[in-house]
Structures are given as structure tokens and as C-alpha cells.
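Residues per chain are reported as follows:
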Amino acid sequence: MKIFFDLLPVIFFFGAYYIAKAFPDGAHALVTNWLAADIPAEQAPILIATFIAIVSTVLQIAIVWLKHRKVDRMLWISLIIITILGGATLAFHNPAFIKFKPTVLYWLFGIVLLVSDVVFRRNLIRRMLEGQIRLLDSVWQRLNLAWALFFVILGALNLYVAYSFSEEVWVNFKLFGCMALIFVFALAQGLYLSKHLLEDNTEH
């Protein structure tokens with residue numbers, strides 16, 4: 001359920017995009033009247049989906065706040081990124097901005113993991129997981145570095161898909177491709193850690 005909630009803006013973006021594509025005339029009329037500009041019909045779905053993504057991110061934060069009276073910092077960062085890049089997409093009628101959003105977010109994840117570890121000596125992956133598992137310090141270092149590099153590569157892959165394939169392919173990749181890659185990488189990490197968990201337990 002938490003995974004579904006975390007993916008709420010992406011799911012709404014995906015759904016809005018394909019609903020708009022299913023009703024092209026209505027979507028085009030809506031966007032033209034809403035933005036008071038002569039928008040090409042083929043841009044209507046991505047513009048509507050972008051607006052829905054911004055609104056759903058705000059809704060997501062509101063739900064978290066009402067439930068917990070606090071909001072995770074990464075949610076605020078995600079809202080800032082989607083508002084800036086999504087807002088630019090709507091203001092300039094240019095989908096290129098919103099296509100950068102996943103890359104900016106993934107690269108930010110990677111940079112935070114690296115900088116926190118190298119500069120501040122705080123291994124964020126360890127801080128998140130050490131309550132559940134015990135590992136050697138060297139394994140924690142490799143795990144943190146692996147996730148940082150994975151997010152950097154995933155961000156670059158998003159740009160490759162966005163500018164090498166059709167918009168529809170990118171929309172599908174944004175939801176299914178990225179989530180599948182994260183799942184496979186997490187699974188691979190789990191298999192790697194299972195070996196080191198056994199080694200670590202024998203030393204304690």
C-alpha cells in the first residue's frame with residue numbers, strides 16, 4: 001500500500017496522459033481554453049498529465065501532513081522539482097522540462113547518498129536499514145555507493161529514453177520501466193546482502 005501511495009503522482013500522470021489521448025478533441029479544447037494559447041493537439045496529453053502530477057503531489061503531501069503532522073524532506077523536494085519543471089512545461093508549452101523531472105530527482109538521490117557519505121560520513125542507506133540487518137562497515141559502504149551509482153545511471157537512462165524514443169514510450173518507461181529497474185536492482189542487492197548477512201552473523 002505504501003508503494004502505491006509513493007507512486008501516486010506517477011500513476012495519476014500516467015492515467016491522465018492516456019485518458020487525454022483517448023479523447024484528443026476534448027483534451028485539445030481543454031488545454032487551449034485553459035492556457036489561452038494555440039496549443040498543438042499532440043501536446044495536450046502531456047500538458048494535462050503534467051498539471052495532474054503537480055496537483056497529485058500537493059494532495060500526497062496534504063494526506064501525509066494530516067495523517068502524521070510531518071512531511072518527509074524528499075516529498076518536499078519532489079514537490080519543488082515537479083512545480084518548477086512542471087510549471088515551466090505549462091508556461092512554455094514545452095514537454096522537455098517535465099521529461100527532466102525524473103532525472104533531476106534520481107540524480108539528486110545519487111548526489112545526496114554520495115555527499116552524505118564522503119563529506120559528512122553519514123551512510124544514509126545504513127541509517128535506513130541497520131535497524132533490520134547487520135553488515136560489515138565495508139559492505140555498508142559498497143551498498144551506499146551501489147545505490148548512488150544506480151540512481152545516477154537511471155537518471156541518464158531516463159534522458160536517453162526521453163529524447164531517443166516517442167513521448168508515449170517515455171511515459172510508459174517513467175512508470176513501468178523505472179519501477180521495474182528499481183525492483184530488479186533491489187532484488188539483486190538482496191541476493192548480494194544475503195551472503196554478507198551470513199558472513200556478518202558468524203563474526204558476531
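Every value quoted in this text rests on a predicted model; they were computed, and no experiment measured them.

Caption draft 1: Representation of the packing of helix H2 (residues 8-22) against helix H4 (residues 44-68) within the structure. For the pair H2 and H4, the least separation of the axes is 8 Å and the interaxial angle reads 150°. Taken together, the axis directions place H2 and H4 in an arrangement best described as roughly antiparallel. Regarding H2 and H4, the two cross each other, and that crossing is right-handed. Here H2 contributes Leu8, Pro9, Phe12, Phe13, Ala16, Tyr17, Ala20 and Lys21 to the contact with H4, which in turn contributes Pro45, Ile46, Ile48, Ala49, Thr50, Ile52, Ala53, Ser56, Thr57 and Gln60.

Caption draft 2: Focus on the nonpolar core. Phe13, Ile46, Trp147 and Trp170 are the most contacted members of the largest nonpolar core, which totals 47 residues. Secondary structure elements with two or more residues in this core: H2, helix H3 (24-35), H4, helix H5 (73-92), helix H7 (101-118), helix H9 (137-164) and helix H10 (167-203). Top element by residues in this core is H9. It accounts for 10 residues. Trp170 has contacts with Phe13, Ile46, Ile98, Lys99, Pro102, Asn158, Val161 and Ala162, leaving out every residue within four places of it along the chain.

Caption draft 3: Structural detail: H4. For H4, spanning 25 residues, the distance from its first C-alpha to its last is 36 Å, which sits close to the expected 36 Å at 1.5 Å a residue. One or two residues past the end of H4 sits Arg69, with phi positive at roughly 60°.

Caption draft 4: Representation of the packing of aromatic side chains within the structure. Applying the stated criterion to the full structure yields 15 aromatic pairs. Plain terms: the ring middles of Trp147 and Phe150 are 5.6 Å apart, the flat faces sit at 85° to each other, and that makes the pair edge-to-face. In this pair, Trp147 and Phe150 both sit in helix H9, 3 residues apart, roughly one turn of the helix. Among the aromatic residues, those joined into a ring-pair cluster are Tyr106, Phe109, Trp147, Phe150, Phe151 and Phe185. The ring of Tyr163 is capped by Lys99, whose NZ or CZ atom sits 5.9 Å from the centre of that ring. Here the basic side chain of Lys174 rests over the ring of Phe13, its NZ or CZ set 4.6 Å away from the ring centre.

Caption draft 5: The arrangement of the environment of Lys70 in detail. With respect to the secondary-structure elements, Lys70 resides in the loop between H4 and H5. Here Lys70 falls in the exposed class, since its relative accessible area comes to 58%. Beyond its immediate chain neighbours, meaning those up to four positions away, Lys70 contacts Val64 and Trp65.

Caption draft 6: Broad picture of the packing of H4 against H5. Running from amino to carboxyl end, H4 crosses H5 at an angle of 160°, the nearest separation of the two axes being 9 Å. Judged on the interaxial angle alone, H5 and H4 are roughly antiparallel. Note on packing geometry: the crossing formed by H4 with H5 is left-handed. Facing H4, whose interface residues are Leu47, Thr50, Phe51, Ala53, Ile54, Thr57, Val58, Gln60, Ile61 and Val64, H5 presents Leu75, Trp76, Leu79, Ile82, Thr83, Gly86, Gly87, Thr89 and Leu90. Grouping the amino acids of the contact of H4 with H5 by side-chain chemistry returns 12 nonpolar, 7 polar and no charged.

Caption draft 7: Representation of the confidence of the model for the protein chain. Confidence along the protein chain averages 90 in pLDDT terms, with 95% of residues attaining 70 or more. Low confidence marks residues 198-204, where pLDDT is under 50. Its contacts with residues over four positions away, or in another chain, come to 5 contacts.

Caption draft 8: View of the pattern of salt bridges. On inspection of all chains with the given rule, the structure shows 2 salt bridges. Of the charged contacts, one joins Asp137 and Arg126 as a salt bridge, the two residues approaching to 2.7 Å between their closest N and O atoms. Remark: Arg126 occurs in helix H8 (residues 124-129) and Asp137 occurs in helix H9; sequence separation between them is 11 residues.

Thresholds, definitions, all that
Residues numbered from 1 in each chain as written. Predicted model: local features only at pLDDT ≥ 70, side-chain atom pairs only at ≥ 80, totals over all residues. Heavy atoms only, no water. Axes fitted to C-alpha atoms, helices over the stretch in contact; angles between N-to-C directions. Helix = DSSP H or I, 4+ residues; strand = E, 2+ residues; numbered from the N terminus. Parallel < 35°, antiparallel > 145°, perpendicular 65-115°, else oblique. Left-handed = near helix turned anticlockwise from the far one by under 90°. Contact = heavy atoms within 4.5 Å. Core = buried A, V, L, I, M, F, W, Y, C linked by side-chain atoms within 4.5 Å. Buried < 20%, exposed > 50% of the residue type's maximum accessible area, 1.4 Å probe, protein only. Expected span 1.5 Å × (residues − 1). Phe/Tyr/Trp six-rings, centres within 6.5 Å; stacked < 30°, edge-to-face > 60°. Lys NZ or Arg CZ within 6 Å of the ring centre and 35° of its normal. Nonpolar A, V, L, I, M, F, W, Y, C, P; charged D, E, K, R; others polar. pLDDT = per-residue confidence, 0-100. Salt bridge = Lys/Arg side-chain N within 4 Å of Asp/Glu carboxyl O.

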